[in-house]
Amino acid sequence: MRYEDFHRRSIVERDAFWAEQARLVDWEQTPQVICDYSRPPFARWFADGTTNLCHNAVDRHLPERSAQPALIYVSTETGEERTYTFADLHREVQSMAAILQALGVVKGDRVLIYMPMVPQAVFAMLACARIGAIHSVVFGGFASVSLASRIDDARPKVVVSADAGSRGGKVVPYKPLLDEAVRLSQHKPEKVLLVDRGLAAMELVPGRDVLYAELRQAHGQAEVPCVWVEATHPSYILYTSGTTGRPKGVQRDTGGYAVALAASMKYIFCGQAGETYFCTSDIGWVVGHSYIVYGPLIAGMATILYEGLPIRPDAGIWWSLVEKYKVTAMFSAPTAIRVLKKHDPAFLTKYDLSSLRALFLAGEPLDEPTARWIADGLGKPVVDNYWQTETGWPILTIANGVEPRQGRYGSPGVPMCGYDVKLLHESTGEELTGPNQKGVIAIDGPLPPGCMQTVWGDDERFVKTYWSNFPGRMAYSTFDWGVRDDDGYYFILGRTDDVINVAGHRLGTREIEESIASHPLVAEVAVVGVADSLKGQVAMAFAVARDAASVATPELQLRLEGEIMKRVDEQLGAVARPARVRFVTVLPKTRSGKLLRRAIQAVCEGRDPGDLTTIEDPSALDQIRSLMQDSV
Ligand code: ATP
Ligand code: MG
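As the structure is a computational prediction, the values presented were derived from the model and not from experiment. (Residues numbered from 1 in each chain as written. Chains lettered and ligands numbered in written order. Predicted model: local features only at pLDDT ≥ 70, side-chain atom pairs only at ≥ 80, totals over all residues. Heavy atoms only, no water.)

Chemist: Please set out the overall build of the protein residue by residue, giving values where relevant.
Modeler: A tally of regular secondary structure across the protein gives 19 helices and 32 strands. Relative to the 2.2 N^0.38 estimate, which gives 26 Å for 632 residues, the radius of gyration of the protein is 24 Å and therefore close to what a compact globule would have. The dimensions of the protein, computed from C-alpha atoms along their principal axes, are 70 × 55 × 50 Å. Put simply, the protein has 632 residues, and 62% of those count as buried. Restricting the contact set of the protein to residue pairs at least 6 apart, pairs at least 24 apart contribute 70%. In the structure as shown, the protein presents an accessible area of about 23200 Å², 50% of it carried by carbon and sulfur atoms. For the protein, the distance from the average position of its 66 positive side-chain charges to the average position of its 76 negative side-chain charges is 1 Å. (Helix = DSSP H or I, 4+ residues; strand = E, 2+ residues; numbered from the N terminus. Rg over C-alpha atoms; globule rule 2.2 N^0.38 Å. Buried < 20%, exposed > 50% of the residue type's maximum accessible area, 1.4 Å probe, protein only. Contact = heavy atoms within 4.5 Å. Areas by Shrake-Rupley, 256 points an atom, 1.4 Å probe, with all protein chains shown as cover. Lys, Arg positive; Asp, Glu negative; His and termini not counted. Charge placed at Lys NZ, Arg CZ, Asp CG, Glu CD.)

The following block contains the structure:
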């Protein structure tokens, strides 16, 4: 089928289209109402249906594949490696569900999961889904303040946590961070369930803290049936990465999410039941929710849960897992590929990757040099996909399961089924229909199944934040800036607040970054707009060299800066040329690997960088601060 026809039908014959997709999952009560959009922008998908996410991820596969692998756990931090079949997973999830019930959790209660990448984290997510509890996974290792604000927002009855995580061989104790967070928060969880990995000593709070191993003994054989819930029952709350400010609590439904994930597995990832999927993300992010846990399992695939770095014991570790477990679809992020790029490309060909059909990448702009490096190195197609915590699954990508086609470098692709994507003029809200016009990427309602229902506990913030940005038009704003070519392929130019205005020219930071990153000596780069009394704003670039020796002296730095500027002049024109290109060893990023441009910009302008609770390495900002101080 032509992809355009498939997509058009998903919009103009919306209900018929999604009623068909709904058959990809099991229902206790099959929905008759496909989309209730009587109160825009709130969409109620499959409103009168009842189902269960855990049933769809685990139980329904038991008759056919109970002895097949479901969850493959690999930790290069502790050396643990273990495969759980669907039958094993079913057993573990029931035990965990019984434990949560014993701790008082009932349908609708929130359970906050603050865990390293261990199987019990996945058991806990699925156990919540099984009994209708709402999970909120908070990235393990987040500082106490970030955790406390999420505890106060989600108000969990129970917190599931562990003694510690481990990163690059270094133990990161979680329990003290959790205790401090609970001390800081207004809301107090009733119980804390702790998995003791034996990595760090734990002090238990009497009456509150309980040990998983002990309860697992008591509930090891428990049978806990799935609780059928309304399709619109919230399955989880997940906070956005906080790249642009205070994180938003995204509330996801159950039925729409199950259908959207099943459709994405079929049309985008082309995963078949019985195969293995490997997503290198973390369960603390949306990519981990959708494509470590729910998506592959719903599709009947085995999923790899990997704890560790991409370069330990060496930069071949991921590819060795592809070979060993015959991975057919792999999902990672450009930031991880840029890490691998600093290592020997021979690792990419060291293992037998014949099972692998494609590598999917998402999370931030995929620059052409990085895409080419990994695509050529692996000899596999690389598929970019663009989406957000809010949407839960890709907005833009290539649906090879509908109609195979070549992607385009620099473009994540075309709108996925159900997404009525528009480019809108940022101030007038006018729709830009011509090719190569720059605008804000927006989506006309209703958002397709699987997307956020609302901001947790704050319908008003949902409407105000996302749906009130264009005069005279209620459309969902992605807050990303983009352009569409003649053939309908979209290109992301950066976030709306990352647009630079140099002497009246509007430039996306992404365009300039892409140009700079095409220099062979550059590993990665961040470009921000900095206030300038003459031009309004000027672009400032901070780059990491691929090889430290190439920027070891001020002379070498100046020479490379000159080369980079020349390149930008040639590719984009002198107006895009950064005022300076400075060299750093590390760029400030969120824990999920996204560039913190707003923080860089604030530091460059001598302002307070604001909410930094999600920053990976605070010293990265210090490097920029001291460079800026040197230059004045
Ligand atoms: P916050 O909303 O709290 O500021 P965030 O936007 O970084 O944080 P996420 O939902 O994790 O939180 O990230 C989604 C954003 O990541 C998108 O809006 C877009 O800016 C960027 N992004 C994701 N995938 C891609 C991609 N394939 N190409 C370009 N940008 C991408
Ligand atoms: Mg965002």
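Chemist: Please set out the nonpolar core residue by residue, giving values where relevant.
Modeler: Inside soluble globular proteins, nonpolar side chains tend to come together where they are buried. Counting 122 residues, the largest nonpolar core has Trp 18, Leu 100, Leu 126, Tyr 291, Tyr 294, Phe 331 and Trp 393 as its most contacted members. Of all the elements, helix α6 (residues 119-131) adds the most residues to this core, at ten residues. Not counting residues up to four positions away in its chain, the partners in contact with Tyr 294 are Leu 53, Met 125, Leu 126, Ala 129, His 135, Tyr 257, Leu 261 and His 289. Core analysis: the next-biggest nonpolar cluster, separate from the first, contains 29 residues, Ala 315, Val 327, Leu 356 and Ile 374 among them. (Core = buried A, V, L, I, M, F, W, Y, C linked by side-chain atoms within 4.5 Å.)

Chemist: Please set out the site of ligand 1 residue by residue, giving values where relevant.
Modeler: Around ligand 1, the surrounding shell holds 20 residues, and the nearest of these are Gly 242, Thr 243, Thr 244, Thr 389 and Asp 480. At 3.0 Å, a backbone N or O of Gly 363 approaches a nitrogen atom of ligand 1. Within the side chain of Gln 388, a nitrogen or oxygen atom sits 2.9 Å from an oxygen atom of ligand 1. Coverage of ligand 1 by the protein amounts to 95% of the 640 Å² it exposes when considered alone. At the level of elements, β20 (382-385) and β27 (490-495) are the ones that each hand at least two residues to the shell around ligand 1. (Near = heavy atom within 4 Å. Polar contact = N/O pair within 3.5 Å; in protein donor to acceptor, adjacent residues only side chain to side chain.)

Chemist: So what's going on with empty space enclosed by the protein? Residues and values would help.
Modeler: One pass over the full model with this rule turns up four cavities of 30 Å³ or more. The space that makes up the largest cavity amounts to roughly 90 Å³. Lining the largest cavity are 13 residues, and of these Ala 43, Trp 45, Cys 451, Met 452 and Gln 453 lie nearest its centre. Every element with two or more residues in the lining of the largest cavity is listed here: β2 (42-45) and α15 (459-467). It is β2 that contributes the most residues to the lining of the largest cavity, three residues altogether. Looking at the lining of the largest cavity, its residues break down into ten nonpolar, two polar and one charged. Volume-wise, the second largest cavity comes out at about 60 Å³. For the lining of the second largest cavity, the residue count by class is seven nonpolar, two polar and one charged. (1 Å grid on protein atoms, 1.4 Å probe; cavity = no way out; pocket = protein on both sides within 12 Å on 5 of 7 lines; lining within 4 Å. Points joined across faces, edges and corners; volume = space filled by probe spheres on them. Nonpolar A, V, L, I, M, F, W, Y, C, P; charged D, E, K, R; others polar.)

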